[in-house]
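Letter by letter, the chains look like this.
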Amino acid sequence: MSEQSVTIEHRYLELPDSFYTRVTPTPLKDGRLVCFNAPLAEAMGFRATDPSDWTGVGSGTELLDGMDPVAMKYTGHQFGVYNPELGDGRGLLLWETVGPDGRRWDWHLKGAGMTPYSRFGDGRAVLRSTIREYLCSEAMAGLGIPTTRALFMVSAKDPVRRESIETASTLLRVTQSHIRFGHFEFATHHEGEEALRTLLEHVISLHFPHLIRLPEKERYQRWFEEVVERTAGLIADWQAVGFCHGVMNSDNMSIIGETLDYGPYAFLDDFDAGFICNHTDQGGRYAYNRQPNIGFVNCQYLANALLPVMNEDDVRQGLRRYETAYNQRFQQNMRNKLGLYTESGADISLIMDTFSMLHEYHLDYTLFFRSLSNLHLKGKAPIRDLFVDRSVADEWLERYEKRLLDETRAHDEREVAMRQQNPKYILRNYLAQQVILEAQSGDYEPMKDLLKVLQRPFDEQPGNESYAAPPPDWGKHLSISCSS
Ligand code: AMP
Ligand code: MG
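Residues numbered from 1 in each chain as written. Chains lettered and ligands numbered in written order. Predicted model: local features only at pLDDT ≥ 70, side-chain atom pairs only at ≥ 80, totals over all residues. Heavy atoms only, no water.

Undergrad: Sorry, what's going on with the packing of helix 9 (residues 347–360) against helix 13 (residues 390–404) here?
TA: Axes are the key here: two packed helices are described by the angle between their axes and the distance separating the axes. It is at 12 Å that the axes of helix 9 and helix 13 come closest, and there the two elements cross at 160°. When the interaxial angle is binned, helix 9 and helix 13 end up roughly antiparallel. For the element pair helix 9 and helix 13, the recorded crossing hand is left-handed. The segment helix 9 lies against helix 13, with Asp 347, Ser 349, Leu 350, Asp 353, Thr 354 and Met 357 engaging Val 392, Trp 396, Arg 399 and Arg 403. Counted by class, the contact of helix 9 with helix 13 contains four nonpolar, two polar and four charged residues. (Axes fitted to C-alpha atoms, helices over the stretch in contact; angles between N-to-C directions. Helix = DSSP H or I, 4+ residues; strand = E, 2+ residues; numbered from the N terminus. Parallel < 35°, antiparallel > 145°, perpendicular 65-115°, else oblique. Left-handed = near helix turned anticlockwise from the far one by under 90°. Contact = heavy atoms within 4.5 Å. Nonpolar A, V, L, I, M, F, W, Y, C, P; charged D, E, K, R; others polar.)

Here is the structure:
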């Protein structure tokens, strides 16, 4: 593999020893590199070479010069209950690289075998869940929503026991930082103030460099506000695109505000405000309509962990940013989706009533907004066809068209902009399910075809229409188990 001005670092090792344990990956048998993200590798400074060069790293059989794999230690609140036993149970941070554009990349090998934090787990990831993470992180990137990325994946023959026997796989996940809210909970609740300060300064200096020069009190306060705002903004983006994360535990919350740890996630098909995508979440703690509130609860856990170095008032002030940031971003997202450029006092009620209608009539969330983005280009029929009762559509459209009279933009200009906000292609669970079945029988081409479609979710892509179809009956409301 040839590199162009890549610097190799491992700044995570500058943290106190308690934040990690050195672990060598447990090799997989007959690993095969089955998917490689060439454009991403290039952006990171690794020129497109033979992807199979990475098979050894992905299989845990080879470490490159400078790789020093560690399992990160963190704790966190899972379903509201504090768990001190967490950490990378099946993933290892191999190294960090800094690319030609100055961007830092953590390389995390997920599924690399057992670590001291594996608890009852086997340290592995199955093929099915690795594909799901690969697809969704790239789909999110295509949608412009902050996310970790997938650099490549390896599929192996080693058997892994879940509900049935499956096969092992690894994902080389990259992002600017794998540090989670749970790292801060670990620092404060187990290590003390000095460890917390070291972690905080580490995160600020690597990921919030614009704050470095501020005096300490202001530096911490501004940093916390920014984390809260990024988190609120991220969740507003999820809501707008109909994404349910499924496991919003504080150990799955990225400190830089990215979508992290793809498990039993789902994009809504038919709109259902209370949709629960995680089969094991029986109480619906992480249901679609609870995500904004859970994001806040997670910020509260983080706030508690900051009390040794910040006073209560400052922390409270930071938390207050959440609601404003969420509402602003969510409303802006919805205005964009509806194509509302000018502001009118009645817009909030239009937005809320639209959600009520989507819920009551189980409308396909993605198709509704995409059809609306073509209202004047293609007419009302595609929208009306989504409704069993066309008169409901007509009544809503009448109100919407009346509202559009206040707009200054021309119809075609508005609709071009709307089509950049309302994706035509999303990663519906049934699509993921189909390519997983093909991959399990050895054919990765369908997965790669789907990936290509998802990289350009806002483009019409003639010829790929079948990927925009609503799910068949078997594929509706698939609830995915947490076992991955
Ligand atoms: P999650 O809720 O999926 O993010 O996982 C919670 C914790 O369980 C994390 O600390 C993971 O590293 C760990 N974990 C999940 N699956 C496994 C596994 N198969 N083996 C070991 N640890 C695991
Ligand atoms: Mg996790």
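Back to the write-up after that little detour.
Undergrad: What should I look at first to understand unusual backbone geometry in this one?
TA: Of all residues except glycine, most have a negative phi; of all peptide bonds, most are trans. Positioned with a positive phi, His 362 is a non-glycine residue whose angle comes to about 50°. Mapping His 362 onto the fold places it in the loop between helix 9 and helix 10 (365–372). A relative accessible area of 52% places His 362 in the exposed class. Although it is not a glycine, Gln 461 sits at a positive phi angle of roughly 50°. (Buried < 20%, exposed > 50% of the residue type's maximum accessible area, 1.4 Å probe, protein only.)

Undergrad: How should I be thinking about the nonpolar core in this particular structure?
TA: Nonpolar side chains tend to gather and get buried jointly when the protein is soluble and globular. In this structure, Phe 184 and Trp 223 are the most contacted members of the largest nonpolar core, which totals 121 residues. Here this core takes 12 residues from helix 6 (residues 216–241), the largest share from any one element. (Core = buried A, V, L, I, M, F, W, Y, C linked by side-chain atoms within 4.5 Å.)

Undergrad: How should the side chain of Asn 333 be read in this particular structure?
TA: Its location among the elements puts Asn 333 in helix 8 (residues 312–338). Classification of Asn 333 by relative accessible area gives buried; the value is 14%. Not counting chain neighbours up to four residues away, the residues in contact with Asn 333 comprise Ala 236, Asp 237 and Ala 240.

Undergrad: Explain the site of ligand 1 to me, please; I cannot follow it from the model alone.
TA: For ligand 1, the set of nearby residues contains 17 residues, the closest of which are Gly 87, Gly 89, Arg 119, Gly 123 and Asn 252. A distance of 2.5 Å separates an oxygen atom of ligand 1 from a polar backbone atom of Gly 87. In the environment of ligand 1, an oxygen atom lies 2.7 Å from a nitrogen or oxygen atom belonging to the side chain of Arg 119. Here ligand 1, which alone exposes 480 Å², has 81% of that area covered by the protein. Split by residue class, the shell around ligand 1 holds three nonpolar, seven polar and seven charged. (Near = heavy atom within 4 Å. Polar contact = N/O pair within 3.5 Å; in protein donor to acceptor, adjacent residues only side chain to side chain. Areas by Shrake-Rupley, 256 points an atom, 1.4 Å probe, with all protein chains shown as cover.)

Undergrad: I keep staring at the pattern of salt bridges and nothing clicks. Help me out?
TA: Close approach of charged atoms lets side chains of opposite charge pair. Overall, the coordinates contain 41 salt bridges when judged by the stated rule. By sharing partners, the salt bridges in this structure join Lys 110, Glu 133, Arg 173, Arg 180 and Asp 261 into a single network. (Salt bridge = Lys/Arg side-chain N within 4 Å of Asp/Glu carboxyl O.)

Undergrad: Explain the coordination of the magnesium ion (ligand 2) here, please?
TA: Each pair of donors in an ideal four-coordinate tetrahedral metal site encloses 109.5 degrees, whereas pairs in an ideal six-coordinate octahedral site enclose 90 or 180 degrees. Those donors, Asn 252 (OD1) and Asp 261 (OD), are the protein atoms that reach the magnesium ion (ligand 2), and they lie 1.9 to 2.2 Å from it. You'll find Asn 252 and Asp 261 in the same group, each marked buried. (Donors = N, O, S within 2.8 Å, 3.2 Å for Na, K, Ca; no water.)

Undergrad: Got a minute to help me understand helix 3 (residues 127–143) in this structure?
TA: In an α-helix there are 3.6 residues to a turn, and that puts residues three or four apart on one side. Its 17 residues give helix 3 an end-to-end C-alpha distance of 24 Å, which sits within 8% of 24 Å, the value for a rise of 1.5 Å per residue. Positive backbone phi, approximately 80°, marks Gly 144, located one or two places after helix 3. (Expected span 1.5 Å × (residues − 1).)

Undergrad: Mind showing me how you'd approach the packing of aromatic side chains here?
TA: How two aromatic rings sit relative to each other is set out by the distance from centre to centre and by the angle between their planes. By the definition in use, this model includes 28 aromatic pairs. Between Phe 355 and Tyr 365, the aromatic rings sit 6.3 Å apart at their centres with planes inclined by 25°, giving stacked as the arrangement. You can see Phe 355 sitting in helix 9 and its partner Tyr 365 sitting in helix 10, a full 10 residues away along the chain. When sorted by exposure, Phe 355 lands in the same class as Tyr 365, which is buried. One aromatic cluster is present, built from ring pairs that chain together Phe 271, Tyr 288, Tyr 326, Phe 330, Phe 355, Tyr 365, Phe 368, Phe 369, Trp 396 and Tyr 400. For Arg 132, the ring lying beneath its charged end belongs to Tyr 265, and the centroid distance is 4.1 Å. Of note, Lys 337 hangs over the ring of Phe 369, and the distance from its end group to the ring centre comes to 4.7 Å. (Phe/Tyr/Trp six-rings, centres within 6.5 Å; stacked < 30°, edge-to-face > 60°. Lys NZ or Arg CZ within 6 Å of the ring centre and 35° of its normal.)

Undergrad: Looking at this structure, how should I read the pairing of strand 7 (residues 91–98)?
TA: The two faces of the sheet receive side chains in turn, since in a regular strand these alternate between them. Within strand 7, eight of the eight residues are buried, leaving the element largely enclosed by the surrounding structure. Pairing of strand 1 (residues 7–9) with strand 7 involves three bridges; the strand directions are antiparallel. Residue Ile 8 lies in a different strand from strand 7, and its bridge partner there is Thr 97. Pairing of strand 7 with strand 8 (residues 104–110), which is carried by seven bridges, proceeds in the antiparallel orientation. Across the sheet, the residue bridging to Thr 97 is Trp 105, located in strand 8. The antiparallel pairing of strand 7 with strand 8 creates a hairpin that spans five residues between the two strands, and Gly 102 there sits at a positive phi of about 85°. (Pairing = 2+ DSSP bridges.)

Undergrad: Sorry, what's going on with the pairing of strand 11 (residues 165–175) here?
TA: Among the 11 residues of strand 11, nine are classified as buried, and the element is accordingly described as predominantly covered. Relative to strand 11, strand 8 is paired through five bridges, and the arrangement is antiparallel. Looking at strand 11, one finds that Asp 106 is bridged to Thr 175. When strand 9 (residues 125–126) meets strand 11, the two strands line up antiparallel, connected through two bridges. Of the residues in strand 11, the one forming a bridge with Val 126 is Ala 168. Where strand 10 (residues 149–161) folds back onto strand 11 in an antiparallel hairpin, the turn is made up of three residues.

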